[in-house]
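# Commentary on secondary and tertiary structure
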Amino acid sequence: MLLPRSQGGESESVMIDYEKKRQQLDRDGFCLLEGVIDDGMIERLREVTDRVIARQEAAHFERQRAQGSLIRATEDPFMARLIAYRPILQALAGLGFPDPKWGSGFIISKPPKSPPLFWHQDARFWDDPISYTPRTIQCFLMIYLVGTTRHNGCLRLIPGSHLKRHRLHDALPDAHEDDLSRAADTAHLAFQRAESEVDVPVKAGDVVMGGARLLHAAHGNNSDQRRTNITLWYYPDYANLPESIRAYLADSDWPADWQAHNGDLLERLRPVYAGDAAPIRLNRRPGAELR
């Protein structure tokens, strides 16, 4: 299916083959959606993220040296407009996800001359058999506000690692371990080159979509300029997830002030569950079923 690429709600002559993108997402665990965010929105997001980053205390950046920053999107109300941004939702619909739900989001901004981001995967539901299928349970949308290359910290990932075991699955500590976030030892395996890794350079306004199970990292920012992306987490096929997962997700309330301020805009993206299933146990480590 060929659909026009959307720019701020206006169609361009450039077409995205969403069928091929969906095939790549299922097979490789990621796909690149070019030019989804228009120039006006990118400029506004630069202003917003610069303002939010400037409010953080120095200790935040020391704790998050590998990420650069890890600031919740809910710190600024403008982010609701990005979460519900029509071109993003159109792209998800083009991929076969017409009714996604949103979970969380972060401003991740690597300052100049900063270390790499460690290898990790973000999946949480490895106890359920669905985690060993090609279906995308939870996905990140990485929205880059500047062009990226290996020099300034582009994404790197291991295609297919959402479905096939890699030696990193058994060698890495918990992805949220403090020493990794502080980049206390960049000689650690988590920061090194890995077998089958590929770089994903992008232009400002591109969106990288990837499943939470995918092993990914980022190069260090060796440039003299800040490299910022906004990572939004969606559940693209929420209605068809196992009940225990939906029960877990619906039990994770958004901040009350955020919901009150943005309810009308975000209500259709809010995960809800009315059944009586018990929430699934959180498990971040894949089991033996991942071969």
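About the cut-offs
- Residues numbered from 1 in each chain as written.
- Predicted model: local features only at pLDDT ≥ 70, side-chain atom pairs only at ≥ 80, totals over all residues.
- Heavy atoms only, no water.
- Helix = DSSP H or I, 4+ residues; strand = E, 2+ residues; numbered from the N terminus.
- Rg over C-alpha atoms; globule rule 2.2 N^0.38 Å.
- Buried < 20%, exposed > 50% of the residue type's maximum accessible area, 1.4 Å probe, protein only.
- 1 Å grid on protein atoms, 1.4 Å probe; cavity = no way out; pocket = protein on both sides within 12 Å on 5 of 7 lines; lining within 4 Å.
- Points joined across faces, edges and corners; volume = space filled by probe spheres on them.
- Nonpolar A, V, L, I, M, F, W, Y, C, P; charged D, E, K, R; others polar.
- Pairing = 2+ DSSP bridges.
- Core = buried A, V, L, I, M, F, W, Y, C linked by side-chain atoms within 4.5 Å.
- Contact = heavy atoms within 4.5 Å.
- Phe/Tyr/Trp six-rings, centres within 6.5 Å; stacked < 30°, edge-to-face > 60°.
- Lys NZ or Arg CZ within 6 Å of the ring centre and 35° of its normal.
- pLDDT = per-residue confidence, 0-100.
- Axes fitted to C-alpha atoms, helices over the stretch in contact; angles between N-to-C directions.

### A short note on the overall build of the protein chain
Counting its regular elements, the protein chain contains nine helices and 12 strands. Since a compact globule built from 291 residues should have a radius of gyration of about 19 Å, the 18 Å found for the protein chain is in line with a globular shape. For the C-alpha atoms alone, the extent of the protein chain along its principal axes is close to 45 × 45 × 40 Å. Within the protein chain, the fraction of its 291 residues that count as buried is 55%.

### Comments concerning empty space enclosed by the protein
Counted under the stated rule, the structure contains three cavities of 30 Å³ or more. Roughly 50 Å³ of internal volume is contained in the second largest cavity. If you go around the second largest cavity, the residues you meet are Ala123, Arg124, Phe125, Ser131, Ile137, Gln138, Ala212 and Arg213. Among the residues forming the lining of the second largest cavity, the class breakdown is four nonpolar, two polar and two charged.

### Looking at the sheet that holds strand S3 (residues 30–33)
The strand order across the open sheet formed by six strands is S3-S10-S7-S12-S5-S4, and the pairing between neighbours is antiparallel. Only two strands of the sheet have a single partner each, and these edge strands are S3 and strand S4 (71–72). Taken together, the six bridges between strand S7 (residues 139–144) and strand S12 (residues 227–235) define a ladder with antiparallel strand orientation. The residue of S12 that forms the bridge with Ile143 is Ile230.

### Quick look at the nonpolar core
A general trend in soluble globular proteins is that nonpolar side chains are found buried together. Ranked by size, the top nonpolar core spans 43 residues in total, and within it Ile37, Ile88 and Met209 carry the most contacts. Examining the composition of this core, we find that six residues originate from one element, helix H2 (residues 39–54), more than from any other. Contacts of Met209, omitting those with residues within four sequence positions, involve Leu25, Gly29, Phe30, Cys31, Leu33, Leu92, Leu95, Phe97, Cys139, Phe140 and Leu141.

### Looking at the packing of aromatic side chains
What describes a pair of aromatic rings is the distance from one ring centre to the other and the angle between the planes of the rings. Evaluation of the coordinates by the stated rule reveals five aromatic pairs. Centre to centre, the rings of Trp102 and Trp258 are 6.1 Å apart; their planes meet at 35°, and the pair counts as tilted. Of the two residues, Trp102 sits in strand S5 (residues 101–110) while Trp258 sits in helix H9 (residues 256–266), which places them 156 residues apart along the sequence. Classification of Trp102 as buried rests on a relative accessible area of 2%. Among the residues examined, Trp258 registers a relative accessible area of 4% and is labelled buried. Over the ring of Phe78 we find Arg44, and its NZ or CZ is 4.6 Å from the ring centre.

### Notes on the pairing of S12
Within S12, nine of the nine residues are buried, leaving the element largely enclosed by the surrounding structure. Across the two faces of S12 the burial is the same, with Arg227, Asn229, Thr231, Trp233 and Tyr235 and Thr228, Ile230, Leu232 and Tyr234 all buried. Across nine bridges, S5 lies against S12 in antiparallel orientation. Note on S12: the bridge partner recorded for Ser109 is Thr228.

### Quick look at unusual backbone geometry
Of note in the backbone geometry, Ala183 takes a positive phi value of approximately 50° without being a glycine. Tracing the chain through its elements places Ala183 in the loop between helix H7 (178–181) and strand S9 (198–200). Judged by its relative accessible area of 6%, Ala183 falls in the buried class. Even without a glycine there, the phi angle at Ser196 is positive, about 75°. Secondary-structure assignment places Ser196 in the loop between H7 and S9.

### Notes on the confidence of the model for the protein chain
Low pLDDT marks stretches whose predicted atomic positions should not be read closely. The predicted model of the protein chain averages 92 in pLDDT, with 94% of residues at 70 or higher. For the stretch residues 3–13, pLDDT sits under 50, and the model shows 30 contacts to residues farther than four places along the chain or on other chains.

### Digging into helix H8 (residues 243–250)
For H8, the full list of buried residues reads Ile245, Arg246, Ala247, Tyr248 and Leu249. If you follow the buried residues of H8, they end up packed against S12.

### Points about the sheet that holds strand S11 (residues 216–218)
Sheet strands associate in pairs through backbone hydrogen bonding, adopting either a parallel or an antiparallel arrangement. Spatially, S6-S11-S8-S9 is the arrangement adopted by the four strands of the open sheet, whose pairing is antiparallel. Both edges of this open sheet fall to strand S6 (117–120) and S9, since each of them pairs with a single strand only. Here the average twist between neighbouring strands, direction ignored, is 25°. Sheet analysis places strand S8 (residues 155–157) next to S11, joined by three bridges and oriented antiparallel. Across the sheet, the residue bridging to Leu157 is His216, located in S11.

### As for the pairing of S3
Residues Phe30 and Leu32 of S3 are buried on one face, and the alternating residues Cys31 and Leu33, pointing to the opposite face, are buried as well. In terms of strand pairing, S3 meets strand S10 (residues 207–211) through four bridges, oriented antiparallel. The residue bridging Leu33 from the neighbouring strand is Val207, located in S10.

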